[in-house]
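Summary of the model geometry
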Amino acid sequence: MTRTAMNVAIKRKSAKGQDASSGDRLFDRELEDLPQELRWREWMGRIEAVLFASGSPVGRDDLARVVGQGASVEMLIEDVQGELTGRPYELVQAAGGWMFRTRVQFADAIKAAADLGDQSLAFTEMEMGVLCAIAYHQPIDRAGLKDIFGKEVSRDLLARLRYKDLIASGPRAPRAGAPHTFVTTETFLTTFDLQTLRDLPELDLAVGNADEAARPSQA
Amino acid sequence: MTYQPTAIDDDQINLPKLPCWVTTGRAETPETVAFQSGAALAVLDQLVSDRAHGVPVKLLANRLALSAATATSKLEGRLAREADIRDAYHLTPQGDARGPDGDLLAYWRKAAGLRLSGRDWHRGLEGIVGQSFEDDVAGWIEAGAECARTHVPLAGCVAVLRTVLDADDRAERVACLLSDIVLARVLNWKTVLPVTTRRLTKPALRDVVAEGQGAELPLQVRILENIEETIRLARDLAQRATMLQAVAPKLRAKGSDAAVALFLSEDAVAPSTMLSPMIKGTTIPMTDRAARRFCDRLVELGVAQELTGRPTFRLYGIVR
């Protein structure tokens with residue numbers, strides 16, 4: 001799906017959302033006239049449709065709004081996932097919600113065929129390095145990044161990362177000029193398939209600490 | 001000009017304190033832990049509930065929130081230092097992202113501000129623990145409180161810690177918060193004091209999930225130590241608060257009453273953002289310079305300290 005198609009779908013969805021909020025009667029959540037089996041299928045369909053239409057993860061609260069009062073969103077999603085085995089896309093949990101995603105093995109095919117436009121997240125090596133440094137050392141300012149890389153990190157590079165919504169401004173660093181620091185965003189977590197920052201791979205060079213030493217035994 | 005540091009009042013000696021038979025003996029069996037924790041909780045409850053003792057409860061809760069954030073950071077493997085966490089929280093401009101450290105302190109401060117009275121106090125809690133737990137927390141707390149009533153309070157705390165970590169072994173911050181809530185419910189407190197976390201360690205939590213009953217006692221002992229430490233902190237804060245109130249009449253700055261009240265509820269005060277242009281929580285204006293001078297004056301009088309050791313971006317508080 002191209003970004004434009006997605007945007008149109010989202011716009012339609014949000015327009016529909018406004019309608020629904022202005023008159024809740026119009027939207028039948030409970031579907032009481034349907035037999036149990038069909039009702040469940042309809043709910044599964046609704047969840048799948050909402051997730052398909054959205055370009056970003058959809059939270060549990062939003063999904064719960066399109067299904068019956070007592071219906072378990074998790075169970076519905078499990079059933080949808082069950083039907084997706086063997087498909088080239090999957091329904092995954094990311095950054096506090098769920099989203100549709102193509103499977104990793106098809107990445108090359110998608111790159112070869114589609115014009116990804118602004119969706120493309122191709123990184124240069126330096127961009128990736130800076131992003132990693134920020135992820136592990138956040139909040140960190142440009143002076144801190146300079147200490148890590150041994151040279152100035154250009155404002156343009158940071159602006160590009162910020163434009164891709166992977167980093168944001170964090171607390172002020174307590175130095176002269178009060179430069180703002182950089183922190184990673186929700187989009188960063190989604191992009192790299194992390195639930196929280198704890199999913200970042202452990203650094204081998206972590207300094208010796210009682211807790212640190214005890215950790216490998218836990219894994 | 002130097003000033004005579006304000007002397008501590010004699011009547012502070014009457015503050016409840018831990019009897020030596022609690023502090024000297026080491027608790028090793030379930031019975032001794034139960035006995036000593038009972039004594040410790042009674043003292044802490046008196047200190048916090050009886051206003052006559054003059055413990056600034058809000059300040060205590062906020063200070064404990066900072067300790068809890070530092071301990072949770074350790075449990076989560078981020079290992080942020082207390083000063084960094086405090087900076088991340090206090091130096092973030094309005095509307096910007098706080099980052100993981102600042103968010104952690106914000107989480108604990110929100111938890112410390114939770115009101116447990118009223119019928120819909122669960123609402124506030126759901127906003128704090130996040131979506132994945134909001135359905136379960138009420139049941140977990142009830143079960144923990146029930147266990148605390150039939151056994152001992154600390155057993156209830158450990159039971160809820162175990163339940164949460166069983167459900168999600170990375171939810172340390174939620175587990176610790178629910179343990180604090182169970183304790184507060186059992187002691188009938190109106191607010192939550194984050195006392196559980198400080199001395200918990202990762203191996204101790206791991207053991208209690210893996211082994212169950214057998215590993216509960218060491219965890220109870222750790223929480224007991226936390227409670228003893230909280231009592232010391234509460235006594236210390238009560239004395240310092242009295243000292244601050246004693247010098248309050250000497251402060252002539254406009255709005256000094258409101259500023260003193262702020263110092264009695266916040267563990268760290270940033271003069272440039274929390275005192276000026278307006279004293280936080282009020283509409284009383286204070287200029288940048290007046291705010292700085294006010295804080296310097298408190299330090300001069302020996303009732304407040306500068307917390308960071310920096311020449312700029314300073315933070316002041318009545319206890320370190």
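Residues numbered from 1 in each chain as written. Chains lettered and ligands numbered in written order. Predicted model: local features only at pLDDT ≥ 70, side-chain atom pairs only at ≥ 80, totals over all residues. Heavy atoms only, no water.

**Here we look at the nonpolar core**
Soluble globular proteins: nonpolar side chains tend toward being buried together. Stated precisely, the cut-off is as follows: Joining through side-chain atoms within 4.5 Å is the link that ties buried Ala, Val, Leu, Ile, Met, Phe, Trp, Tyr and Cys residues into a set, and such a set is a nonpolar core. We call a residue buried when its accessible area falls under 20% of the maximum for its residue type, exposed when it is over 50%, and partly exposed in between, using a 1.4 Å probe and counting protein chains only. The helix and strand labels rest on DSSP assignments: H or I over at least four residues marks a helix, E over at least two residues marks a strand, and numbering proceeds from the N terminus. Working rule for contacts: check all heavy atoms of both residues, and any pair within 4.5 Å makes them a contact.
By size, the foremost hydrophobic cluster in this structure holds 111 residues, and its most contacted members are Trp108, Leu125, Leu177, Leu178, Ile181, Phe263 and Leu275 of chain B. In terms of residue count, helix α11 (residues 216–247) of chain B provides more of this core than any other element does, 14 residues in total. Setting aside residues up to four positions removed in sequence, Ile181 of chain B forms contacts with Leu114, Leu116, Trp121, Leu125, Ile141 and Val192 of chain B. Counting 19 residues, the second largest nonpolar core, distinct from the first, contains Leu76, Ile77, Val80 and Trp98 of chain A.

**A word on the environment of Ile148 of chain A**
All names here are of chain A. Within the secondary structure layout, Ile148 lies in helix α7 (residues 142–149). Between the alpha carbons of Ile148 and Gly68 there is a distance of 52 Å; along the sequence they are 80 residues apart. Among residues more than four places away in sequence, those in contact with Ile148 are Ala133, His137 and Ile140.

**Observations concerning helix α4 (residues 73–83) of chain A**
Residues separated by three or four positions in an α-helix point in the same direction, a consequence of the helix having 3.6 residues per turn. All names here are of chain A. This is how the line gets drawn: Regarding the arc, it is the one traced by the directions from the helix axis to the C-beta atoms.
Those residues of α4 lying buried are Val73, Leu76, Ile77 and Val80. Here the buried residues of α4 occupy an arc of 95° about the axis, which is enough to place them on one side. Looking at the packing, one finds that the buried side of α4 touches α2 (36–53), α3 (60–64), β1 (89–94) and β2 (97–102).

**Some words on the state of the cysteines**
All names here are of chain B. Where we set the bar: Sulfur atoms of two cysteines make up a disulfide when they are within 2.5 Å.
Applying the stated criterion across every chain yields a total of zero disulfides over all chains. We note that Cys147 lacks a disulfide partner, and the nearest cysteine sulfur, in Cys157, lies 9.3 Å from it. No disulfide involves Cys176; its sulfur sits 10 Å from that of Cys157, the nearest cysteine.

**Let's talk about the interface of chain B and chain A**
Put simply, the rule is: Accessible area that two parts lose when put together, evaluated with a 1.4 Å probe and summed over both, is termed the buried area. A pair is scored as a salt bridge if a Lys or Arg side-chain nitrogen falls within 4 Å of a carboxyl oxygen belonging to Asp or Glu. We define a polar contact as two N or O atoms separated by no more than 3.5 Å, with the added condition that, inside protein, one atom must be a possible hydrogen donor and the other a possible acceptor, whereas residues neighbouring each other in sequence contribute only through side-chain atom pairs.
Listed by partner, the interface residues are 26 residues for chain B and 26 residues for chain A. Contact between chain B and chain A buries roughly 2200 Å² in total, counting both sides, with carbon and sulfur atoms accounting for 49%. In terms of surface lost to chain A, no three residues of chain B exceed Gln131, Arg170 and Phe313 of chain B, which account for 25% of the buried area on that side. Arg198 of chain A is the partner of Glu172 of chain B in a salt bridge, and the nearest nitrogen-oxygen pair spans 2.8 Å. Inspection of the region where chain B meets chain A yields seven residue pairs in polar contact (both at pLDDT 80 or more). Looking at the side of chain B that touches chain A, the elements that each hand over two or more residues are α3 (57–75), α4 (82–90), α5 (99–112) and α10 (202–211) of chain B. No other element matches α5 of chain B, which puts three residues into the side of chain B that touches chain A.

**Some points on the packing of helix α6 (residues 121–129) of chain B against helix α9 (residues 172–186) of chain B**
Helix-helix packing: each pair is described by the crossing angle between the helix axes and the interaxial distance. All names here are of chain B. Basically, it comes down to this: Note on geometry: axes are C-alpha line fits, over the in-contact stretch for helices, and angles between N-to-C directions span 0 to 180 degrees. Roughly parallel covers angles under 35 degrees, roughly antiparallel covers those over 145, roughly perpendicular covers 65 to 115, and oblique covers all other angles. For any pair of crossing helices, the crossing counts as left-handed if the nearer helix is rotated counterclockwise from the farther one by less than a right angle, and right-handed if it is rotated clockwise.
Here α6 crosses α9 at 160°, and the two axes come no closer than 11 Å. Classified by the interaxial angle, the pair formed by α6 and α9 is roughly antiparallel. The chirality of how α6 crosses α9 is right-handed. Where α6 approaches α9, its residues Trp121, Leu125, Ile128 and Val129 are matched on the opposing element by Val174, Leu177, Leu178, Ile181 and Arg185.

**What to know about the pattern of salt bridges**
A full pass over the atoms with the stated rule returns 27 salt bridges over all chains. With its nearest N and O atoms 3.2 Å apart, the salt bridge here joins Arg63 of chain B to Glu82 of chain B. Taken together, the residues Arg63 of chain B in helix α3 and Glu82 of chain B in helix α4 connect sequence positions 19 residues apart. Among the residues examined, Glu82 of chain B registers a relative accessible area of 26% and is labelled partly exposed. Linked by salt bridges that have partners in common, Glu90, Arg101, Arg103 and Asp193 of chain A make up one network.

**Side note on helix α14 (residues 288–300) of chain B**
Residues and elements named next belong to chain B. Threshold: The length a helix should cover is 1.5 Å for every residue beyond the first.
Counted at 1.5 Å a residue, the expected span for α14 with its 13 residues is 18 Å, and the 18 Å between its end C-alpha atoms agrees. Considered for burial, the residues of α14 that qualify are Ala291, Phe294, Cys295 and Leu298. For α14, the buried positions fall inside an angular range of 90° around the axis, keeping them on one side. Along α14, the residues that are exposed and aim more than 90 degrees away from the buried face are Arg289 and Arg293. Considering only its buried residues, α14 is in contact with α11, α12 (256–263), α13 (271–275) and β2 (316–317). The positive-phi residue at the C-terminal boundary of α14 is Gly302, with phi of around 80°.

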